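Below, each chain spelled out in residue letters.
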Amino acid sequence: ALAFFIGFNNNQAYDRWWEARKIWGSLVNNSRTWSRQLLYFVHPVENITNSEFEEKKQRLIKRHIAFLYALKENLRTENKKEYESYLSQNEIEEINKQSNKHNAILSFQAKDLDELYQVNSIDGFKFMELNKMIVTFCDDMGKSERIKNTVFPTTYNYYSKAFIWIFVYSVTMTIGNTIGIWSIIFGTLVGYIFFTIQSIGQTLLNPFQDIRTGIPLAQITRTIEINLLEMLDEENIPEPIMSVDD
């Protein structure tokens, strides 16, 4: 019964971790699609010069990098403000007025996308496809926030430890008359196994924390940043973040 109870806790913890990983895997794929669609779906029109047109496309792509960094910092409760390097000063001032900065960045994206649609730089079908990407980013953002803000019931951790101690004590006392002092070693070994399995589940409960078992948000965000800047033919591309000690 105790093994099933701990196994259930670990399954729920892993589901929480795996959902977080799938969300950020979706962000990787959709970010590339977003940039590709902007590069090839948006076309210049007469009342916009080529330089202004290219600047708008680059702004939409680079602002998406800012969105990812803002989301990462929110999930990890950081204050590095890495996203500011991809925003204009006016955008920074507007975004800093709001508590949910990554959501504010998405609003800027929707506004610019609508402006391109209004001047017929995007046709109706392609506008719907690009707008669908913004909706998807908002969904992934909300799912990430839900995992971060939903506390795993602390009673699971408390009662798991309590039940393990009761089990270890009972096993040790029960076999004491048979094997004597060796029962302490045997009980300690049983307790170690159960406590180790239980602690593995606990390390997966907060997948966005900057710990060894957490989702590598910095590495994933940097990978997307590199991919998008390469699609823009940028020269100053940052180095990928490498793992430490594997």
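Just above, that's the structure.
Summarised in this report is the structure supplied together with it. Owing to the predicted nature of the structure, the values given are computational and were not obtained by experimental measurement.

### Concerning the overall build of the protein
Looking only at helices and strands, one finds eight helices and zero strands in the protein. Listing each helix as α and each strand as β along the protein from the N terminus yields α-α-α-α-α-α-α-α. Taking 18 Å as the expected radius of gyration for a compact globule of 246 residues, we find that the protein reaches 25 Å, considerably beyond that expectation. C-alpha atoms of the protein, sized along the principal axes, occupy 95 × 35 × 30 Å. In the protein, which comprises 246 residues, the proportion classed as buried is 39%. Excluding contacts between residues fewer than 6 apart, the proportion of contacts in the protein whose partners are at least 24 apart in sequence is 71%. Carbon together with sulfur atoms contributes 56% to the accessible area of the protein, which is approximately 14,200 Å² in total. Side-chain charges of the protein comprise 25 positive and 30 negative groups, with the mean position of each set lying 6 Å from the other.

### Let's talk about the packing of aromatic side chains
A full pass over the atoms with the stated rule returns 13 aromatic pairs. Ring centres 4.6 Å apart and planes at 25° place the aromatic pair Tyr117 and Phe127 in the stacked group. Residue Tyr117 is located in helix 4 (residues 101–118), and its partner Phe127 is located in helix 5 (residues 124–149); the two are separated by ten residues in the primary sequence. One aromatic cluster is present, built from ring pairs that chain together Phe5, Phe8, Phe152, Tyr156, Tyr158, Tyr159 and Phe163.

### Some points on the nonpolar core
Counting residues in each nonpolar core, the largest one holds 53 residues, and the members touching the most others are Trp24, Trp34, Leu38 and Phe67. Counting residues per element, the ones that place at least two in this core are helix 1 (2–41), helix 2 (50–75), helix 3 (89–95), helix 4, helix 5 and helix 8 (217–231). Top contributing element to this core by residue count: helix 2, with eleven residues. Here Phe67 is in contact with Leu27, His102, Ile105, Leu106, Phe137 and Met141, once residues within four sequence places are set aside. Listed in part, the six residues of the second largest apolar core include Ile6, Ile164, Val168 and Phe194.

### Some details on the pattern of salt bridges
As enumerated under the stated definition, the model contains 16 salt bridges in all. Ionic pairing is found between Lys56 and Glu115, a salt bridge with its closest N-O pair at 3.2 Å. Taken together, the positions of Lys56 in helix 2 and Glu115 in helix 4 put the pair 59 residues apart, joining distant regions of the chain. Here Glu115 falls in the partly exposed class, since its relative accessible area comes to 29%. With its nearest N and O atoms 2.9 Å apart, the salt bridge here joins Lys111 to Glu115. Taken as a pair, Lys111 and Glu115 lie in helix 4 at a separation of four residues, close to a single helical turn. Overall, Lys111 belongs to the partly exposed group, its relative accessible area being 48%. Within the structure, one salt-bridge network assembled from shared partners comprises Glu55, Arg59, Arg63, Glu91 and Asp112.

### Some details on the side chain of Ser144
By the secondary structure assignment, Ser144 is in helix 5. Here Ser144 is in contact with Ile23, Trp24, Leu75 and Phe208, once residues within four sequence places are set aside.

Thresholds, definitions, all that
Residues numbered from 1 in each chain as written. Predicted model: local features only at pLDDT ≥ 70, side-chain atom pairs only at ≥ 80, totals over all residues. Heavy atoms only, no water. Helix = DSSP H or I, 4+ residues; strand = E, 2+ residues; numbered from the N terminus. Rg over C-alpha atoms; globule rule 2.2 N^0.38 Å. Buried < 20%, exposed > 50% of the residue type's maximum accessible area, 1.4 Å probe, protein only. Contact = heavy atoms within 4.5 Å. Areas by Shrake-Rupley, 256 points an atom, 1.4 Å probe, with all protein chains shown as cover. Lys, Arg positive; Asp, Glu negative; His and termini not counted. Charge placed at Lys NZ, Arg CZ, Asp CG, Glu CD. Phe/Tyr/Trp six-rings, centres within 6.5 Å; stacked < 30°, edge-to-face > 60°. Core = buried A, V, L, I, M, F, W, Y, C linked by side-chain atoms within 4.5 Å. Salt bridge = Lys/Arg side-chain N within 4 Å of Asp/Glu carboxyl O.

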